Amino acid sequence: MSPFRWILSILQADTQADRVVPPTGHTVRLTLFSAAAMAFLAVFAMALSMATGRLAVRWGDELARSSTIRISAPAAQMDAQTEAALRVLSTTPGIKRARALTDEEQQELLAPWFGNGVSLAALPVPQLIEVVEEGDGYDPNGLRLRLQAEVPGATLDDHSQWRKPLIRAAISLRRLGTLSLLLIGGTMAAMITLAATAALAANAQVIRVLRLVGATDVYIAGAFVRRFTLRALAGGVIGTLAGMVAILLLPGAQTEGGFLTGLGFQGWQWVLPLVIPPLGAVVAYFATRAAAMRTLRGLR
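Residues numbered from 1 in each chain as written. Predicted model: local features only at pLDDT ≥ 70, side-chain atom pairs only at ≥ 80, totals over all residues. Heavy atoms only, no water.

## A look at the side chain of Thr240
Alright, step 1. Mapping Thr240 onto the fold places it in helix H9 (residues 217-249).
Alright, step 2. Residue classification places Thr240 among the buried positions, given a relative accessible area of 2%.
Alright, step 3. Setting aside anything within four residues of it in sequence, one finds Thr240 in contact with Ala39, Val43, Pro273, Ile276 and Pro277. (Helix = DSSP H or I, 4+ residues; strand = E, 2+ residues; numbered from the N terminus. Buried < 20%, exposed > 50% of the residue type's maximum accessible area, 1.4 Å probe, protein only. Contact = heavy atoms within 4.5 Å.)

Okay, here's the thing in structure tokens:
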């Protein structure tokens, strides 16, 4: 059966077949609630995965295009070694700009650990030089050799040790998001299977009568499949819309808040949650069909 005909068979009403399935009751509420709850959780799992990926990419890009040189030397030699390091950097291909951080900037870096009143004169703080790359970047090994020869107190940090954990964390979190969506789909299938089985068992007498008048198991199962698929679709729409509204109400991305204020979707990513209700309907269709055929065989 083509996808179009399959969708048409689900949406097309069959008054006689629909009478087999109870329009109200605990199975209706269970199906709607489970579909809505699973869709709501799926929206948040998807948003968390997207936000984590964006954060890791942003941090990775920022770290990939910048490096830091740390100069540790006696106070009397600090200025001379800083100037020597800046001269080396100015003649190194692949470096866009390099500048020594001011005392105020270094105090801001230390403030989270030592407070705003920290004095650099009271601490053996090295001088930091910010290096920004251009084009294909520079040769870190060659630069280390030049610094070792001309600026003995200089140490180059190209941030590679920070980028790799971020990339691994992003991959792991994306896998976790995918696993969460699979678990959500499995849980929804289990709940709908229980609801469909309960509805079939409750209507066992009606099913026997239908068989006596010539109704086939495929016809009876189709009535349950259609009703439960539409209920799952309706619950998925409700849960998805509620999840998207909840995501909209979360605070936007802020530098001070870091990761916790950056949850949500951006741009075209808002289209992604819209696939959750149809996917939920597909899960409900196959789960209900399998449960219906299995239960009908048991009622012979």
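## Regarding the pattern of salt bridges
Alright, step 1. In the structure shown here, the tally under the stated rule is three salt bridges.
Alright, step 2. Notably, a salt bridge pairs Glu105 with Arg99, separated by 3.0 Å at the nearest N-O pair.
Alright, step 3. Note on Glu105: relative accessible area 26%, which makes it partly exposed.
Alright, step 4. The salt bridge partner of Arg146 is Glu150, with a shortest N-O separation of 4.0 Å. With Arg146 and Glu150 both in helix H6 (residues 140-150) and four residues apart, this pair spans about one turn of that helix.
Alright, step 5. Here the salt bridges share partners, and the residues they tie into one network are Arg99, Glu105 and Glu130. (Salt bridge = Lys/Arg side-chain N within 4 Å of Asp/Glu carboxyl O.)

## Here we look at the environment of Thr187
Alright, step 1. Turning to its location among the elements, Thr187 is positioned in helix H7 (residues 160-202).
Alright, step 2. Sequence separation of Thr187 and Met38 is 149 residues, and the distance between their C-alpha atoms is 7.9 Å.

## Some thoughts on the pairing of strand E1 (residues 66-71)
Alright, step 1. The pairing of E1 with strand E3 (residues 127-133) spans six bridges and is classified as antiparallel. Looking across to E3, one finds that Ile69 is bridged to Ile129.
Alright, step 2. Relative to strand E4 (residues 154-157), E1 is paired through four bridges, and the arrangement is antiparallel. Of the residues in E4, the one forming a bridge with Ile69 is Leu156. (Pairing = 2+ DSSP bridges.)

## Notes on the nonpolar core
Alright, step 1. Counting residues in each nonpolar core, the largest one holds 30 residues, and the members touching the most others are Ile220 and Phe228.
Alright, step 2. Of all the elements in the fold, those that place two or more residues in this core are helix H3 (26-64), H7, helix H8 (204-212), H9 and helix H10 (276-298).
Alright, step 3. Formed by 17 residues, the second largest nonpolar core is a distinct cluster that contains Ile69, Ala73, Val88 and Val151. (Core = buried A, V, L, I, M, F, W, Y, C linked by side-chain atoms within 4.5 Å.)

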